[in-house]
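Fold and geometry: a report
Here is what each chain is made of, one letter per residue.
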Amino acid sequence: MGIVLASAALGVVSGGCSSQGAGDGGASDSGAPEAGDSGEQTCPAMPTPLPFVRGSSALPMDGALRINHLQAKATHNSYHLQPSADLIDWAFSHKPLAEQFEQQGVRGVELDVQWSHDCGRLEVFHIGIFDDRTTCRLFTDCLLQIRGWSASHPGHHPLFIQIEPKFALSPQTDESRIQALEKEILAVFERPWLITPDDVRGASPTLAKGIKDHGWPTLGEARGRVLFFLNEGGALRDRYTRDRTSLDGRLLFAEARQDDPVAGVMILNDPIGDSEAIKKALASGYIVRTRADSLPGTLRSTDRSGRDAALAGGAQIVSTDFPAPVEGVPYSLSIPDGTPSRCSPVTAPPGCAPLAIEDPSKLGRK
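Keep in mind it's a predicted model, so treat the numbers as computed, not measured. Sequence order as written defines the numbering, with residues in each chain counted from 1. In view of the model being predicted, local features appear only for residues whose pLDDT reaches at least 70, and side-chain atom pairs are presented and counted only at 80 or more, with totals across whole chains, interfaces and linings using the full set of residues. As a convention, hydrogens and water are excluded, and side-chain values are obtained from all of the structure's heavy atoms.

Considering the pattern of salt bridges
We define a salt bridge as a contact between a side-chain nitrogen of Lys or Arg and a carboxyl oxygen of Asp or Glu at a distance within 4 Å. One pass over the full model with this rule turns up 17 salt bridges. A salt bridge links glutamate 358 to arginine 107; the nearest nitrogen and oxygen atoms lie 2.6 Å apart. With glutamate 358 in the segment after α11 (354-357) and arginine 107 in strand β2 (residues 106-116), this pair connects stretches of sequence that are 251 residues apart. Between buried and exposed lies partly exposed: a residue is buried under 20% and exposed over 50% of the maximum accessible area for its type, with that area taken using a 1.4 Å probe on protein chains only. Taking relative accessible area as the criterion, arginine 107 reaches 3% and is therefore assigned buried. To qualify as a helix, a DSSP run of H or I must reach at least 4 residues; to qualify as a strand, a run of E must reach at least 2; elements of each kind are numbered from the N terminus.

Brief notes about the state of the cysteines
Cysteine sulfur atoms are paired as a disulfide whenever they fall within 2.5 Å. Throughout the structure, instances matching the rule amount to three disulfides. Linked covalently through their sulfurs, cysteine 43 and cysteine 119 form a disulfide whose S-S length is 2.2 Å. Of note, the bridge from cysteine 43 to cysteine 119 carries an S-S torsion of about -90° and is left-handed in sense. With cysteine 43 in the loop between α1 (2-13) and β1 (70-75) and cysteine 119 in the loop between β2 and β3 (121-124), this pair connects stretches of sequence that are 76 residues apart. Taking relative accessible area as the criterion, cysteine 43 reaches 36% and is therefore assigned partly exposed. Bridging cysteine 136 to cysteine 142, the disulfide has an S-S length of 2.1 Å. Because the torsion about its S-S bond is 95°, the bridge between cysteine 136 and cysteine 142 counts as right-handed.

Focus on the packing of aromatic side chains
Two measures describe an aromatic ring pair: the distance that separates the ring centres and the angle between the ring planes. What counts as a ring pair is set by centres within 6.5 Å for rings of Phe, Tyr and Trp (its six-membered ring), and what kind of pair is set by the plane angle: stacked under 30 degrees, edge-to-face over 60, tilted for all other angles. Evaluation of the coordinates by the stated rule reveals six aromatic pairs. Aromatic side chains tryptophan 216 and phenylalanine 253 sit 5.4 Å apart centroid to centroid with 40° between the ring planes, which places their arrangement in the tilted category. With tryptophan 216 in the loop between α6 (207-214) and α7 (219-222) and phenylalanine 253 in strand β6 (residues 253-254), this pair connects stretches of sequence that are 37 residues apart. On the accessibility criterion, tryptophan 216 (1% relative accessible area) is buried.

Topic: helix α2 (residues 97-104)
What α2 keeps buried is the set Leu97, Gln100, Phe101 and Gln104. End-on view of α2: buried residues confined to an arc of 120°, all on one side of the axis. Should any heavy atoms of two residues lie within 4.5 Å, those residues are considered in contact. Residues of α2 that are buried make contact with β1, β2, α3 (139-152) and β4 (159-165). Looking one or two residues beyond α2, the residue adopting positive phi is glycine 105, at roughly 70°. As used here, the arc belongs to the directions running from the helix axis to the C-beta atoms.

Things to note about the environment of glycine 220
Topologically, glycine 220 is positioned in helix α7. Residues glycine 220 and serine 57 lie 163 residues apart in sequence; the distance between their C-alpha atoms is 9.5 Å. Leaving out residues up to four positions away in the same chain, glycine 220 has contacts with Arg54 and Asp62.

Brief notes about the packing of α2 against α3
With their axes 7 Å apart at the nearest point, α2 and α3 run at an angle of 35° to one another. Facing α2, whose interface residues are Leu97, Ala98, Phe101 and Glu102, α3 presents Cys142, Gln145, Ile146 and Trp149. All amino acids are sorted into three groups, where Ala, Val, Leu, Ile, Met, Phe, Trp, Tyr, Cys and Pro are nonpolar, Asp, Glu, Lys and Arg are charged, and the leftover types, Gly among them, are polar. Class assignment of the residues belonging to the contact of α2 with α3 gives a composition of six nonpolar, one polar and one charged. Between N-to-C directions, angles cover 0 to 180 degrees, with each direction set by a line fitted to C-alpha atoms, over the stretch in contact for helices.

Regarding the nonpolar core
Residues enter a nonpolar core if they are buried and are Ala, Val, Leu, Ile, Met, Phe, Trp, Tyr or Cys, with the set joined through side-chain atoms within 4.5 Å. With 75 residues, the main nonpolar core has Leu111, Phe139, Ile146, Ile185, Phe189 and Phe228 as its most contacted residues. If sequence neighbours within four positions are ignored, phenylalanine 139 has contacts with Leu111, Val113, Leu122, Glu123, Val124, Ile163, Leu181, Glu184 and Ile185. In terms of nonpolar packing, the next biggest core, distinct from the first, is built from ten residues, Ala292, Leu311, Tyr331 and Ile335 among them.

Re the pairing of β2
Counting buried positions over the eleven residues of β2 gives eleven, a clear majority of the element. By the bridge criterion, two bridges tie β1 to β2 in an arrangement that is parallel. Bridge pairing in β2 links lysine 73 to valine 106. Examined bridge by bridge, β2 and β4 share six bridges and lie parallel to one another. Paired with valine 109 across the bridge in β4 is isoleucine 161. DSSP-based pairing: two strands are paired if at least 2 bridges between them are found. As paired strands, β2 and β3 are joined by four bridges and run antiparallel to one another.

Regarding helix α4 (residues 174-186)
When the terminal C-alpha atoms of α4 are compared, their 19 Å separation across 13 residues agrees well with the 18 Å that a helix rising 1.5 Å per residue should span. Within α4 the residues assigned to the buried category are Asp174, Arg177, Ile178, Ala180, Leu181, Glu182, Glu184 and Ile185. To estimate how far a helix should reach, multiply one less than its number of residues by 1.5 Å.

Things to note about the side chain of glutamine 316
Take glutamine 316: it is sitting in the loop between α10 (305-313) and β9 (317-320). For glutamine 316, a relative accessible area of 0% corresponds to the buried category. Within the structure, the side chain of glutamine 316 is placed 3.4 Å from the backbone oxygen of tyrosine 286, a separation counted as a polar contact. Side-chain polar atoms of glutamine 316 contact the backbone nitrogen of valine 288, separated by 2.7 Å. Beyond its immediate chain neighbours, meaning those up to four positions away, glutamine 316 contacts Ile67, Asn68, Leu70, Gln71, Ala72, Leu282, Tyr286, Ile287, Val288 and Thr347. Within 3.5 Å is the distance limit for a polar contact, defined as a pair of N or O atoms, with the added protein rule that one can donate a hydrogen and the other accept it, and that residues adjacent in sequence qualify only through two side-chain atoms.

Shown next as structure tokens:
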């Protein structure tokens, strides 16, 4: 019921296309647009992309280890601030994205994107009215936080950026929304920053065949870069992947099924119920995103079976609402022996060690 009501109200809430600076933790202006002297809404200018500059530090196994050999901590609804209403399952707040990378060892984020009709731009928040507080209102503001941290820490292993579209889907608008999404990404990151499906497919006929033939890029090739993937398993995914046949020319990987030609990233959120599917996906060389926890209200218990299964199962991207200890919640996620990430206990080759995935002493630019 609440979700339906929120969706109906979304047009009111997403009307204010305001830009918040990095780390701005204020609540959204519930539909009140910014205005100039004339009373008309002011829409922020698009940012200017920066070129990718590779860091000079290399790690000893950079030529042997590949992207799918690591295991990293990610956050769920990474922009989220606790709503003022007493809603226990949304009762969590995240630090701004750059602080998650710097202070909490996070290397994957999830952004829910909404469409602002007034500015023709993407915004980031959960659900209108009920749960719309965010640390970065504009999608490009979120991306600028990511770019800023990445540019000053080029020794990081690739950052994983999960995009979940929350806007209404329609055959009349889906392609224009896809184009807007990619346009805004390229307004922040020049293409060499990105690890794209074409990079992985190479000369193979499909992405899945490319992974089978030659695997993912090495960590040396991927260090300092970002990988986007689409969290949508329905009509928009089918349109983006041309009915699950091709990602040629696209910027994002897409949520896929095991036998799809476009398979590369699998979203299998239940580490216990999906354990067999996770094993099969990892054996095929795919990258898997799973969740260590869900519904914060349940984390007052002592059941840590989901977290333990997520870590032991070997998924590369392990998502949480609690990347660091929080007062009153006897739970948080850390990657065991991570620096801050580690070698996947399932996919990594012999000889892999956490400092070969990422070395904190070699993160910064010399």
